[in-house]
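Summary of the model geometry
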Amino acid sequence: MSETALTLHVDNLSCGSCVARAQTALHQVNGVSDVTVNLASEMAKVTFDAPATLAQITQALVKAGYPALTEQITFDIKGMHCGSCIGRVEKALLAAPTVTEVSVNLAAETAKVTYLVGTTTPQELARMATTAGYVAQLRESAEPEPDQDARIEALRHQLVIAAVLTAPVFILEMGSHFVPGVHAWVHQNIGMQTSWLFQFVLVTLVLAWPGRKFFVQGLPALFKGAPDMNALVALGTGAAWMFSTIATFLPGVLPPGTRAVYFEATAVIVTLILLGRFLEARAKGKTGEAIHRLIGLQPQTATVMRSGVAVEVPISEIVVGDVVRVRPGEKIAVDGMLLDGDTFIDESMITGEPLPAKKSGGDVVTGGTVNGTGSFTFRVTQVGADTMLAQIIRMVEDAQSTKLPIQDLVNRITLWFVPFVLIVAALTVAAWLAFGPDPALGFALVAGVSVLIVACPCAMGLATPTSIMVGTGRAADLGVLFRKGDALQALRSVSVVAFDKTGTLTQGRPEVTTMSFAPQVDEAKVLGLIASVEALSEHPIAAAIVRKAEKQGYVQQDADAFRAEAGFGVSGTVAGYRVLVGADRLMQREGIMTDAFAARAAHIAEAGETPFYAAIDGQLAGLIGISDPIKPTTPSAIRTLHQLGLRTALITGDSRATAHAIASEVGIDTVVAEVLPDGKVAALDELAKTGEKIAFVGDGINDAPALAAADVGIAIGTGTDVAIETADVVLMSGDIHGVCHAFEVSRRTMRNIQQNLFWAFAYNTALIPVAAGVLYLFGGPLLSPMLAAGAMALSSVFVLSNALRLRWVALGRSAVQNEQAPYREVTA
C-alpha cells in the first residue's frame, strides 16, 4: 500500500511548544512516517501508511489538545427518489477519505457533509456525488468555518473588552505614577478596600470573559503533563489573581507585611497578550497574502458557448471541451488552447514577466491571466484541481508548510522549554521565599509570575515558518515556485550552477543566423528554391529555413522528387531546377566542390553555428548557418549569478567548439561538452568531486535524471512543466533570471530566519534571569509582570514584522539586451 500525504488545519496552536507536542502526538501513531507542523499557517502535513488511519491521526490531535479543523457544508441533491438513493449518495461522499460524516435528507433533498478543512474542496465532493448519478450543488447558505478575517475580528472584539475593563483598574492602582495625588484621592474618597473590591470584580470579568481561553486551553494541557503557552499565562495570571483575592477577602491568611494586590498586573497581562495575539493574527494574515492573491486570480464566471449561444456560467460548471469566449480586458477562467483570434495576454501573475505574451491559434492560455485588447475563443483543456493555477497554489502551500532542517533543532528545544520555565519559576519563588527581603511572599509572587509570562516561546515557534511563508510567497510573485520548501535552505549552500543548453540558455528552436551566397546569383530566387524543398521536410532545421524565407517574402513553389536522407540533407526539383540542401558530406558525395566557402564554413562553426550548403543544378549556390539563438536575457543573468559569488557550468551534448563558443559568449566558467542525456548525472558527479554543492538548471523534460541528482534541481520553462516531479524549484518563465531570484530569495529568507531565531532565543535567554530578579540582587529593578507581558508580545510582533520584510525582496537586473541575437548576412 502506498503512503498517503495529508495536510490538516490544526486548532489551538499558540507557541513553539504546541508545535512540538502536536508533532510528537502524530509521530506516536504507528504508521506515521513524517510530520511537519507549521505554527504560522496552523497546518500539519502528515505522511502515513498502514496501519495508521485518518481516524487515529485526528484522534491523536484531539487527545493532544490540537484538534483538526472540520467544516460542514450543505449540498442540494437532485435525482433522489427513495431510501436506496440516500445510501448511494452517502456511500459516494464517504468514499472521500477525509469526509468524517454525511447526513442525507430525502425530504429536503439535501446532504450535509463534514470534512477536514483543507483536505478536499466542495467542488470535488459535488463531483463525487454527481458521478454517482445525483447532481449536487453547493447551497449558498452553507456556513463555512470562520476565515482569517473573522478570527482577527474576534480577537479585536476580545481585546476591546479586556482594555475597557482593565483601564479603570490600571488608573486606580497605577494612576499616581502618571498623575500625582491619584493614590491619595482614591484612599480618601473611595477607600482602599472598596477600590480592591471594584478591581476584583473588573479583573474577574477580564479573566472569565476575554481571558477565559487561556484557562480553557492551558489548564487541561497542564494536567496532561504537556503545558503550553496558555498554561504559562493561566498559571501566572491565576496566581496573581488568587493572591490578590486572598489579600482582599482573607487578609489574615497571609503572613504579616505581605498583604498587597496585583489585580492591575493580572488584567494588564491579559490585555497585552491579547494585543500581541491580535497583532500576530494580522501579521500572520499578511504572510499568506501570496496564496490569497493566487486564489483571487481566478474569475468566478466565464462566457461559454452552448449550442451556438454565449452563456455566462460559474467556473464550477465548466468542463473539459467547452469553448469559452474571452473579451478584451477579461480574466481567463481556466486553462485551454486558443482556437481563433489574436491577442496579447498579461501572464505576469503566473510567470513574473512584465511584458504581455502574444497569443494566436494553437497557443496555450492559462487560467488567471488577463487578456489584452483582442477578443478570442479557446477550448478548455484543464479545469478545477488540474489547472496550472491550482497546481501553483498547491506547490506554494506545500512549500509554505515544509519544515526546514533548521526547524528540527527549534522544535526539540521548544518541546522542553515550557517545562523548563515552570521549573525555573518554581525555583524562583522558592528562592525569594527563602532568601528574599520582606515581604518575601510578594516579591516571590512578582518574580514567579514575571518568569512565567516573559518566557512564553511564541517567537521561537514563529521564527522559521513565518519567514518561509513570506519568502516562498514572494518567490511566487517573481515566478519562482519552491516545490520543496527545504530547497530554500539547500540553495544557500550551493556554489556552482550548472546549465543545460537547449531551451535553457537558448531559445530551444533553431534559426537561420548566417547566409552567404555565391557571386552573381539571384539571392531571393535561390532562397525561394531552397525553402520550397525544405517545406516538405518536418525537420526543425528545415522549419527554420522556411521561416527565414517567409520573412524575406519569397513565394513557395511546388517541389517534385523530394528526398530526405538522415545525416546528409534533402533534395528535390523546383521549377525545373535540381536543388540540394545539406551537410558538406552530401556535396562531396554529389561531386560538388565546397572550397569556395571553406573559410566561411569554418568561421560559422567557430561561432557555434552549424553550416549547411545549397546547390542548384550541380553548382554551389550558398551557405546557410543554423544555430539555436541564445536568449536575450541569458548573458545578464549569468553576470548576476557571478555577482552573487556563484560559479557557472555548461553541460551539453553539443560539440566542444559549439559549447565553448556559447560559453564564451554568455560568460560561463566551465564547459562539459559532448555529453549524452544519460551522462549528465556523471558530469554532475564529476563537478561535485571538489566537495561543492551544485544546482542544475534544465528544461524539466529531458533533464529529469540530472534534476534529481543535483543538490538542487531547478526546472525552467514557460509554465508547461509545473508538475515536474523531479525538480526542487520550478521557474514559470523561460528567463533564467528566475534562477537569480531563487538564490536571492533563498539567501534573504535564511538570513531572515537566523535573525528571528537569534532574537527569539537571545530574548528568552536574557529576560528569564531578569524576570527572576537577578538584577535586583545588584541594586537593579525587579521586572514587573506587566512589563514582562508587554515584552513577550513585542518579541512575537518583532519576529513577524521582520519576516514580512521579505515581501519586498527584489533583484535588480543587469543591463538586458532585449533585441534578438544578431543576424549576419555575408555575400561574396
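The structure presented is a predicted model; accordingly, all values stated were derived computationally and were not measured. Here the residue numbers are simple positions, counted from 1 along each chain's written sequence. Local features in a predicted model are, by the rule used here, given only for residues with pLDDT of at least 70; side-chain atom pairs are given and counted only at 80 or more, and totals for whole chains, interfaces and linings are based on all residues. The side-chain figures draw on all heavy atoms in the structure; neither hydrogens nor water molecules are used.

What follows covers the environment of glycine 374. Helical segments are the DSSP runs of H or I of at least four residues, strand segments are the runs of E of at least two, and each set is numbered from the N terminus. Considering the arrangement of structural elements, one finds glycine 374 in the loop between β15 (370-371) and β16 (376-382). For the pair glycine 374 and lysine 359, spaced 15 residues apart in the sequence, the C-alpha separation amounts to 9.7 Å. We call two residues contacting when some pair of their heavy atoms lies within 4.5 Å. Look past the residues within four positions of glycine 374 in its chain and what remains in contact with it is Val326, Arg327, Pro328, Asp342 and Thr343.

What follows covers the packing of helix α18 (residues 523-534) against helix α19 (residues 540-552). Following both chains from N to C, one finds α18 and α19 inclined at 140 degrees, their axes separated by 9 Å at the closest point. Put simply, α18 runs oblique to α19. The chirality of how α18 crosses α19 is left-handed. Contact with α18, carried on its side by Leu527, Ile530, Ala531 and Glu534, involves Ala542, Ile545, Val546, Ala549 and Gln552 of α19 and no other residues of that element. Residue polarity follows a fixed list, in which Ala, Val, Leu, Ile, Met, Phe, Trp, Tyr, Cys and Pro are nonpolar, Asp, Glu, Lys and Arg are charged, and the others, Gly among them, are polar. Of the residues belonging to the contact of α18 with α19, the class tally is seven nonpolar, one polar and one charged. Here the axes come from fitting lines to C-alpha atoms, over the contacting stretch only for helices, and the angles between their N-to-C directions go from 0 to 180 degrees. Angles below 35 degrees are treated as roughly parallel, those above 145 as roughly antiparallel, those between 65 and 115 as roughly perpendicular, and all remaining angles as oblique. Crossings are sorted by hand: turned counterclockwise from the far helix by less than a right angle, the near helix makes the crossing left-handed, and turned clockwise it makes it right-handed.

A side chain of one charge can pair with a side chain of the opposite charge when the charged atoms of the two come close. Salt bridge, as used here, is a side-chain nitrogen of Lys or Arg placed within 4 Å of a carboxyl oxygen of Asp or Glu. For the structure shown, the criterion picks out 14 salt bridges. Arginine 589 serves as the salt-bridge partner of glutamate 590, at 3.3 Å between the closest nitrogen and oxygen. The network of salt bridges with shared partners includes Arg563, Glu565, Arg589 and Glu590.

UniProt positions are given in the numbering used here, feature names are shortened, and annotations may be inferred rather than shown by experiment. With numbering matched to this structure, UniProt assigns "transmembrane region" (unreviewed entry) to residues 159-178, 190-210, 231-254, 260-279, 413-435, 441-464, 757-779 and 785-804. Structurally, residues 190-210 comprises 81% helix and 0% strand, and the distance from its first C-alpha atom to its last is 27 Å. Annotated as residues 260-279, this span is 85% helix and 0% strand, and its ends, taken at the C-alpha atoms, are 33 Å apart.

What follows concerns the sheet that holds β15. For two strands to be treated as a pair, DSSP must find at least two bridges joining them. The strand order across the open sheet built from three strands is β13-β12-β15, with neighbouring strands paired in antiparallel fashion. Two strands bound the open sheet, and with one partner strand each, they are β13 (357-359) and β15. In this structure, strand β12 (residues 343-346) lies alongside β15, joined through two bridges in antiparallel fashion. Bridging from a neighbouring strand, aspartate 346 pairs with valine 370 of β15.

The buried fraction of strand β23 (residues 610-616) is high, at five of seven residues. Bridging between strand β22 (residues 577-582) and β23 involves four bridges; their strand directions are antiparallel. Along β23, the bridge assignment pairs leucine 580 with alanine 615. With seven bridges joining them, β23 and strand β24 (residues 619-627) adopt antiparallel strand pairing. Residue pairing for β24: alanine 615 is matched across the bridge by leucine 620. Here's how the labels work: a residue is buried when its accessible area is under 20% of the maximum for its type, exposed when over 50%, partly exposed in between, all with a 1.4 Å probe on protein chains only.

We now examine a nonpolar patch on the surface. Residues with no salt bridge and a relative accessible area higher than 30% make up the patches, which join like charges within 9 Å and nonpolar side chains (Val, Leu, Ile, Met, Phe, Trp, Tyr) within 5 Å. Using a 1.4 Å probe, the Shrake-Rupley method yields the accessible areas, and only the shown protein chains count as cover for residues. Together, Leu197, Phe249, Leu250 and Val253 make up an exposed nonpolar region whose accessible area comes to about 370 Å². Tracing the sequence through the fold places phenylalanine 249 in helix α9 (residues 229-249).

On to the sheet that holds strand β2 (residues 32-38), then. Strand order in the open sheet made by the three strands is β1-β3-β2, with antiparallel pairing throughout. Each of the sheet's edge strands pairs with one partner strand only, and the pair in question is β1 (4-9) and β2. Each neighbouring strand pair of the sheet contributes to a mean axis angle of 15 degrees, computed without reference to strand direction. Looking at chain direction, β1 and strand β3 (residues 43-48) are connected through six bridges and run antiparallel. Directly across from leucine 6, in β3, lies its bridge partner valine 46. Of the strands in this sheet, β2 and β3 touch helix α1 (residues 16-27), which is tilted by about 160 degrees from β2.

Another aspect to go through is the packing of aromatic side chains. Side-chain rings of Phe, Tyr and Trp (the six-membered ring for Trp) are treated as a pair once their centres are within 6.5 Å; stacked means planes under 30 degrees apart, edge-to-face means over 60, and tilted covers the remaining angles. Taken as a whole and judged by the stated rule, the model has eight aromatic pairs. Centroid distance phenylalanine 200 to phenylalanine 263: 6.2 Å. Interplanar angle 65 degrees. Geometry classified as edge-to-face. With phenylalanine 200 in helix α7 (residues 192-208) and phenylalanine 263 in helix α10 (residues 263-287), this pair connects stretches of sequence that are 63 residues apart. The pair phenylalanine 200 / phenylalanine 263 is uniform in exposure class, with both members buried. Taking NZ or CZ as reference, arginine 589 lies 5.0 Å from the ring centre of phenylalanine 568, over its face. For a Lys NZ or an Arg CZ to count as sitting over a ring, it must be within 6 Å of the ring centre and within 35 degrees of the ring normal.

Note the cis peptide between alanine 50 and proline 51, where omega equals 10 degrees. Within the secondary structure, proline 51 sits in the loop between β3 and α2 (54-64). Residues other than glycine seldom take positive phi values, yet alanine 561 does so here, at roughly 55 degrees. Looking at where alanine 561 falls in the secondary structure, it is placed in strand β20 (residues 559-565). Among the residues examined, alanine 561 registers a relative accessible area of 54% and is labelled exposed.

Within a regular strand, side chains alternate between the sheet's two faces. Among the six residues in strand β21 (residues 569-574), five count as buried, and that is most of the element. Here β20 pairs with β21 via five bridges, running antiparallel. Of the residues in β21, the one forming a bridge with glutamate 565 is glycine 569. The pairing of β21 with β22 spans six bridges and is antiparallel. Note on β22: the bridge partner recorded for threonine 573 is arginine 578. Hairpin connection, β21 to β22: the antiparallel pair is bridged by two residues, and alanine 575 has positive phi, about 50 degrees.

Before going further, it helps to examine the side chain of lysine 631. Locating lysine 631 in the fold gives a position in the loop between β24 and α22 (634-643). For the charge count, each Lys or Arg is scored as positive and each Asp or Glu as negative, with His and the chain ends excluded. Despite its burial, lysine 631 remains without a salt bridge, the nearest opposite charge being carried by aspartate 735 at 7.3 Å. Ignoring sequence-local partners within four residues, the contact set of lysine 631 consists of Gly503, Thr504, Leu505, Thr506, Gln507, Ile716 and Gly734.

Bringing the packing of α7 against α9 into the picture now. Two elements in contact, α7 and α9, have axes whose closest approach is 10 Å; the angle formed by their N-to-C orientations is 150 degrees. Comparing the axis directions of α7 and α9 gives the class roughly antiparallel. In this structure, α7 meets α9 at a crossing whose hand is left-handed. Contacts from Gln193, Trp196, Leu197, Phe200, Val203, Thr204 and Leu207 in α7 reach Thr237, Trp241, Thr245, Ala247, Thr248 and Phe249 in α9. A breakdown of the residues in the contact of α7 with α9 according to their chemical character gives eight nonpolar, five polar and no charged.

Here we take up the nonpolar core. In this text, buried Ala, Val, Leu, Ile, Met, Phe, Trp, Tyr and Cys residues form a nonpolar core when linked through side-chain atoms within 4.5 Å. One finds Phe482, Phe499, Leu641, Ile714, Val729, Val739 and Phe743 to be the most contacted residues of the largest nonpolar core, which totals 136 residues. Top element by residues in this core is helix α26 (residues 737-772). It accounts for 13 residues. Met388, Leu707, Ala727 and Met732 belong to the second largest nonpolar core, which has 27 residues in total.

Moving on: α22. Residue pairs spaced three or four apart in an α-helix point in one direction, given the helix's 3.6 residues per turn. Those residues of α22 that sit buried are Thr634, Ser636, Ala637, Ile638, Thr640 and Leu641. Against β18 (494-499), β25 (647-651), α23 (656-666) and α26 lie the buried residues of α22. Just downstream of α22, glycine 645 is the residue with a positive phi angle, here 85 degrees.

Attention now goes to the side chain of aspartate 735. As for its position among the elements, aspartate 735 is in the loop between β29 (729-731) and α26. Owing to a relative accessible area of 7%, aspartate 735 belongs among the buried residues under this scheme. A polar side-chain atom of aspartate 735 sits 2.9 Å from the main-chain amide nitrogen of histidine 737. Polar contact is defined as a pair of N or O atoms within 3.5 Å, subject to the rule that within protein one atom must be able to donate a hydrogen and the other to accept it, and that residues adjacent in sequence are counted only when both atoms are side-chain atoms.

Tracing the backbone shows arginine 156 in helix α5 (residues 148-174). Assessed through its relative accessible area of 35%, arginine 156 is described here as partly exposed. Taking the C-alpha atoms as reference points, arginine 156 and leucine 279, 123 residues apart in sequence, are found 9.3 Å from one another.

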